[in-house]
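One letter stands for each residue in the lines below.
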Amino acid sequence: MNSYKCVNCGVGASALYKTYGPSVLKLTKCDSCKGVIDKYIEYDPVIVMIDLVLMSKEAQRHIIYNTEFKSYWKLFIILIMLETYGVWRNDSLFNIAINTVCNIKNNSTINSTYITLPINISVPEPWMSDCKGWAYEEKESLDLFIWEKDFYIQFLSIFTGIIVFITIVHLLMKLFKKFCFQNEVSLARVLKSFSLANMSLLFTLPMLVWGNSDTPPGTRLLHYLMVFLYSFIFFYNTFRVLYESPKIVTAIVLTISYCIKYLTTFHMTPFIRKITR
Ligand SMILES: [Zn+2]
């Protein structure tokens, strides 16, 4: 029964510590690397959090394999709501990309950001209608109910994107696993890891809270680009810990999954808006 893992080398372990009497507790050593299997069980949660933010693989292994982390689904939902809030406010990297590529210069909200590109990108013809689905004519004149309804629509759309993202990552990893590495991963563990890595979204909060109509588009773009980069590296590290996959495979799988996720959301929102009209 190797349900735990050594945080240093990732080798399976049957116990994290042994108890000798009511107040004596000894941390187990790893057979493979001779280090302590999980030093974090003695650490303060704040220190574990700091190590997580610094993307330490040891701290990620501790959370994914050696703790219960039962409330991951709450985190999962809260983070989807945060992502939805950004997209609903027209204030995220994804919206900046859509506004720029679809040539939406004024979306009637104070937060819409449009970047002038040095080169011209033309959208494929069948996607033009979806582009129109993202553009709003007069948002101020719409009543509160429509605003609220739009939040649910975006939530559904982003939720679908995330399900697609997780499915694609898992399927591609399973496919690659047949050829080059062996590591069985349960779905609950995938969701735990996703929720953990998705915490990097919290860094969009400063812009969502303090960003206003005076914020230059370049600043907005830079902030969201940096958060995206951090998020990408965080996901990369977490999936390396989870699937024990080679570096290049993880990077490719992650890039493909990200593209499909954003494409899904891009097509999903106009589609749901159309059928719920
Ligand atoms: Zn070890």
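Above this text you will find the structure in question.
As the structure is a prediction and not an experimental result, all values here were calculated from the model.

Asker: An account of the packing of aromatic side chains is requested, with residue identities and associated values reported.
Answerer: Aromatic ring pairs are reported here in terms of the distance separating the ring centres and the angle at which the planes meet. Under the definition given, this model contains 22 aromatic pairs. When the centroid spacing of 5.5 Å and the interplanar angle of 85° are considered together, the rings of Trp-88 and Phe-151 count as edge-to-face. Here Phe-151 lies in helix H6 (residues 144–180) and Trp-88 lies in helix H3 (residues 72–88), a separation of 63 residues in the sequence. Classification of Phe-151 by relative accessible area gives buried; the value is 17%. Over the face of the ring belonging to Trp-134 we find Arg-273, whose NZ or CZ atom lies 6.0 Å from the ring centre.

Asker: Account for the coordination of the zinc ion, naming residues and giving values.
Answerer: Donor atoms from the polypeptide that coordinate the zinc ion comprise Cys-6 (SG), Cys-9 (SG), Cys-30 (SG) and Cys-33 (SG), at 2.2 to 2.4 Å from the metal. One way to put it: the four donor atoms around the zinc ion meet at angles of 106 to 115°, and that makes the site tetrahedral. Read in sequence order, the donor residues coordinating the zinc ion give the pattern C-x2-C-x20-C-x2-C. Of this pair, Cys-9 sits in the loop between strand S1 (4–5) and strand S2 (12–13) while Cys-30 is found in the loop between strand S4 (25–27) and helix H1 (45–53), placing the two residues 21 residues apart along the sequence.

Asker: Any chance you could break down the environment of Leu-156 for me, citing the residues and the numbers?
Answerer: Residue position: Leu-156 is located in helix H6. Of the residues examined, Leu-156 reaches a relative accessible area of 44% and is grouped as partly exposed. Each C-alpha atom of the pair Leu-156 and Ala-135 lies 18 Å from the other, and the pair is 21 residues apart in sequence.

Asker: Describe a nonpolar patch on the surface, listing the residues and the values that go with them.
Answerer: Taken together, the side chains of Tyr-43, Val-46, Ile-47, Ile-50 and Leu-54 make up a nonpolar region of the molecular surface, amounting to roughly 480 Å² of accessible area. Examined against the element boundaries, Ile-50 turns out to sit in helix H1. Residue class for Ile-50 comes out partly exposed when judged on its relative accessible area of 48%.

Asker: Tell me about the pattern of salt bridges, and please be specific about residues and values.
Answerer: Any two side chains of opposite charge can pair if their charged atoms end up close together. The final tally for this structure, using the stated rule, is six salt bridges. Between Glu-83 and Lys-261 there is a salt bridge whose closest N-O contact spans 3.0 Å. Remark: Lys-261 occurs in helix H10 (residues 247–275) and Glu-83 occurs in helix H3; sequence separation between them is 178 residues. The salt bridge involving Arg-220 is made with Asp-91; its shortest N-O contact spans 2.9 Å. A residue pair is termed long-range when its members are at least 10 positions apart, and Arg-220 in helix H9 (residues 217–243) and Asp-91 in the loop between H3 and helix H4 (93–101) qualify at 129 residues. By the burial criterion, Arg-220 is buried, and Asp-91 matches it. A cluster of three or more residues bridged by salt bridges with shared partners is formed by Arg-89, Asp-91 and Arg-220.

Asker: With reference to specific residues and values, describe the side chain of Thr-100.
Answerer: You can see Thr-100 is positioned in helix H4. Filtering out sequence-adjacent residues up to four positions away, Thr-100 remains in contact with Tyr-114, Ile-115 and Leu-117.

Asker: Explain unusual backbone geometry to me, using residue names and the numbers behind them.
Answerer: In the Ramachandran plot, Lys-34 falls in the positive-phi region, its phi being about 65° despite a non-glycine side chain. By the secondary structure assignment, Lys-34 is in the loop between S4 and H1. Of note in the backbone geometry, Phe-69 takes a positive phi value of approximately 45° without being a glycine. Its location among the elements puts Phe-69 in the loop between helix H2 (57–66) and H3.

Asker: An account of the state of the cysteines is requested, with residue identities and associated values reported.
Answerer: Where two cysteines share a covalent bond between their sulfur atoms, that bond is called a disulfide. For the coordinates displayed, the defined rule picks out one disulfide. Covalent S-S linkage joins Cys-102 and Cys-131, the inter-sulfur distance amounting to 1.9 Å. In this structure, the disulfide formed by Cys-102 and Cys-131 twists by about -70° around the S-S bond and is classed as left-handed. Residue Cys-102 is located in the loop between H4 and helix H5 (128–134), and its partner Cys-131 is located in helix H5; the two are separated by 29 residues in the primary sequence. Of the two residues, Cys-102 and Cys-131, neither departs from the other in class, the shared state being buried.

Rules used in this analysis
- Residues numbered from 1 in each chain as written.
- Predicted model: local features only at pLDDT ≥ 70, side-chain atom pairs only at ≥ 80, totals over all residues.
- Heavy atoms only, no water.
- Phe/Tyr/Trp six-rings, centres within 6.5 Å; stacked < 30°, edge-to-face > 60°.
- Helix = DSSP H or I, 4+ residues; strand = E, 2+ residues; numbered from the N terminus.
- Buried < 20%, exposed > 50% of the residue type's maximum accessible area, 1.4 Å probe, protein only.
- Lys NZ or Arg CZ within 6 Å of the ring centre and 35° of its normal.
- Donors = N, O, S within 2.8 Å, 3.2 Å for Na, K, Ca; no water.
- Tetrahedral: all angles 85-135°; square planar, octahedral: opposite > 155°, others 65-115°.
- Patch = residues over 30% accessible without salt bridge, like charges linked within 9 Å, V, L, I, M, F, W, Y side chains within 5 Å.
- Areas by Shrake-Rupley, 256 points an atom, 1.4 Å probe, with all protein chains shown as cover.
- Salt bridge = Lys/Arg side-chain N within 4 Å of Asp/Glu carboxyl O.
- Contact = heavy atoms within 4.5 Å.
- Disulfide = S-S within 2.5 Å.

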